[in-house]
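Now for the letters of each chain:
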Amino acid sequence: MALDQVEVAIIGAGISGLQSARLLRNQYRVRVLEARERAGGRLCNHRFSNGDTVDVGGQWVGPGQARMYRLIEELGASTWPLYDSGDNLLYLKEKLRRYRGTIPKINPIALVDLGIVMARFEAMAKGIDPAAPWAHKNAQQWDATTLASWLQKNCRTRLARELFEVGIGAVFAGEARDLSLLHALFYARSGNSLDTLLAVTGGAQQDRVHGGTAGLCERMAAELGAAVQLNAAVEAVEQLPDGRLRLRHQSGSVVCERLIVALPPNQALRIQFEPALPAWRDQLLQRMPAGACIKCIARYDKPFWREDGLSGQVASPAGPVRVTFDNSEAGRESGLLMGFLEGDVARYYSGDSAEERRAAVLDCFARYFGERARAPLEYVDKDWSSEAWTRGCYAAHLAPGTWTSYGQRLRQPNGPIHWAGTEFAVQWFGYMEGALEAAERAAAEVSAALAQTRGRLELVRQ
């Protein structure tokens, strides 16, 4: 087995791990170890037979995500706005209703109820410090309450609650009962507001990247060259007597002074640490389960729904596809419809055959856009819960009680081990922007620690 010696090792070649390496490569010898045969992590491209590239993982960037736009420019890529013209659709009680904006036109009583609940949630979220959500005066109470319990108490109408939960599924890829109220408020504040996270133009779904977001990771990995090692799942991290770490992976070992773990929390739990991580770290990671999401995309000869004045955006409490978007790429002829299966629905259809899942998705598309949507030229879906090195998407949730019990130490290094990835971000937790922020913090921690070590060595030599 080959032994590799570097100063910094990084586990995970997703956007956070790759950016960590880019930030450190000019100062230190760096090695990125990736379990998959590709770089990108939760960013992944699919190429249709006509050459169209589509994201089957994370895809959107929007205002307030300066790091992402800067990275896109640095890598020579470009963006285009998601199609957001025409009427949106609400499928309710087996009827389609057209509307504009974020909130559909519904029964006036339910509409007022939904508006009040949204305003109340936003006001509560505005008071959260995303760097320290546990410090809020109501943190203990809110962290002990599920979002579902809060909605049950605050929504007077069933329809308002159902529509709010459609938005929750779209943002969190989970159910309201999965989340502590504090985590939901933190998540919204981390991305500015819940309205920002739900919006297209001016919001988190505003822009797409030509060539797909995974293409950014491919360019980053190409820049790093031999520093990125694929098919190298790390099985164990052992601390040596001299304080360095030895990482054992499928095809060899790496010895390093500092380690950045840039993995989804559930994947970090797969690694055997010797000695074991502190009990609190292990328990924290156990309390950060991933969301459940299947992303589904159908390709047509053209975006025919636009001819009917439709945006391609649908909200439907009935589901199983509860939200859709026009995912067609600017400058291409094909029409791409994208829909999500999320939370309980994703967990259910994850156990179905690919054919049954496709039929259920296309049934929804046909219900929303007519029979023409039932017969795409091509179809693809990605079940992230079944991905061996991910096991869920979009990001992890902090279960009830976690922020107030463990949150203060979430981003704290464990000796020479540092933590990156979107789940360790302050701003834009769960998004690519958050992954880049976490990379910056982890890289800065590593640089400071290594500089201190070098300083001590210089003093000893003198």
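Draft legend 1. The overall build of the protein chain, seen in detail. When you go through the protein chain residue by residue, the secondary structure sums to 15 helices and 21 strands. Computed over C-alpha atoms, the radius of gyration of the protein chain comes to 23 Å, within 12% of the 23 Å expected from 2.2 N^0.38 for 462 residues, which places it in the range of a compact globule. Oriented by its inertia axes, the alpha-carbon framework of the protein chain measures out at about 80 × 55 × 40 Å. Counting every position in the protein chain, which comprises 462 residues, the buried fraction comes to 60%.

Draft legend 2. Inspection of the sheet that holds strand E10 (residues 228–229) at higher detail. Here 5 strands make up an open sheet; going across it, the order is E10-E3-E2-E14-E21 and the pairing parallel. Strands with a single pairing partner mark the edges of an open sheet, and in this sheet they are E10 and strand E21 (417–419). With 3 bridges joining them, strand E14 (residues 258–261) and E21 adopt parallel strand pairing. Bridging across to E21, Leu 259 finds its partner in Ile 417. Strands strand E2 (8–11), strand E3 (30–33), E10 and E14 of the sheet are contacted by helix H1 (residues 15–24), whose axis makes an angle of about 165 degrees with E2.

Draft legend 3. Fine view of the packing of helix H3 (residues 108–126) against helix H5 (residues 147–154). It is the contact of H3 with H5, at a shortest axis distance of 11 Å, that shows an interaxial angle of 135 degrees. Here H3 is positioned oblique relative to H5, judged by the angle of their axes. Of the two elements, H3 crosses H5, and the hand of that crossing is right-handed. Across the interface between the two elements, Asp 113, Val 117, Arg 120, Phe 121 and Met 124 from H3 touch Leu 147, Trp 150, Leu 151 and Asn 154 from H5. Tallied by class, residues from the contact of H3 with H5 come to 6 nonpolar, 1 polar and 2 charged.

Draft legend 4. Highlighting the sheet that holds strand E20 (residues 378–383). With mixed pairing, 7 strands are arranged side by side in an open sheet as E8-E7-E17-E18-E19-E16-E20. Across the chains shown, the open sheet's two edge strands, defined by having one partner strand only, are strand E8 (95–99) and E20. Here the average twist between neighbouring strands, direction ignored, is 20 degrees. With 2 bridges connecting them, strand E17 (residues 310–315) and strand E18 (residues 323–326) associate as antiparallel partners. Following the sheet pairing, Ala 315 is matched in E18 by Val 323. The sheet contacts of helix H13 (residues 354–369) involve strand E7 (87–92), E8, strand E16 (293–300), E17, E18, strand E19 (335–342) and E20, and relative to E16 the element is tilted by about 60 degrees.

Draft legend 5. Up close: the pairing of E17. With 6 of its 6 residues buried, E17 lies for the most part within the structure. Alignment of E7 against E17, held across 3 bridges, turns out to be parallel. Across the sheet, Leu 89 pairs through a bridge with Val 314, a residue of E17.

Draft legend 6. Region of the structure containing the nonpolar core. In this structure, Phe 121, Leu 147, Phe 164, Val 237, Leu 247 and Leu 259 are the most contacted members of the largest nonpolar core, which totals 92 residues. With 8 residues, helix H6 (residues 158–172) is the single largest residue contributor to this core. Apart from the residues lying within four places of it in its own chain, the contact partners of Leu 259 are Ala 9, Ile 10, Ile 11, Val 237, Leu 245, Leu 247, Pro 416, Ile 417 and His 418. Ranked by size, the runner-up nonpolar core spans 37 residues in total, among them Val 8, Ile 15, Met 68 and Ala 435.

Draft legend 7. Highlighting the side chain of His 136. One can find His 136 in the loop between H3 and helix H4 (139–143). A polar contact of 2.9 Å, which involves the side chain of His 136, links it to the backbone nitrogen of Asn 138. Residues within four places of His 136 in sequence aside, it is in contact with Gly 127, Ile 128 and Trp 142.

Draft legend 8. Quick look at the side chain of Thr 157. Take Thr 157: it is sitting in the loop between H5 and H6. A relative accessible area of 17% places Thr 157 in the buried class. If sequence neighbours within four positions are ignored, Thr 157 has contacts with Ile 109, Ala 110 and Asp 113.

Calculation rules
- Residues numbered from 1 in each chain as written.
- Predicted model: local features only at pLDDT ≥ 70, side-chain atom pairs only at ≥ 80, totals over all residues.
- Heavy atoms only, no water.
- Helix = DSSP H or I, 4+ residues; strand = E, 2+ residues; numbered from the N terminus.
- Rg over C-alpha atoms; globule rule 2.2 N^0.38 Å.
- Buried < 20%, exposed > 50% of the residue type's maximum accessible area, 1.4 Å probe, protein only.
- Pairing = 2+ DSSP bridges.
- Contact = heavy atoms within 4.5 Å.
- Axes fitted to C-alpha atoms, helices over the stretch in contact; angles between N-to-C directions.
- Parallel < 35°, antiparallel > 145°, perpendicular 65-115°, else oblique.
- Left-handed = near helix turned anticlockwise from the far one by under 90°.
- Nonpolar A, V, L, I, M, F, W, Y, C, P; charged D, E, K, R; others polar.
- Core = buried A, V, L, I, M, F, W, Y, C linked by side-chain atoms within 4.5 Å.
- Polar contact = N/O pair within 3.5 Å; in protein donor to acceptor, adjacent residues only side chain to side chain.

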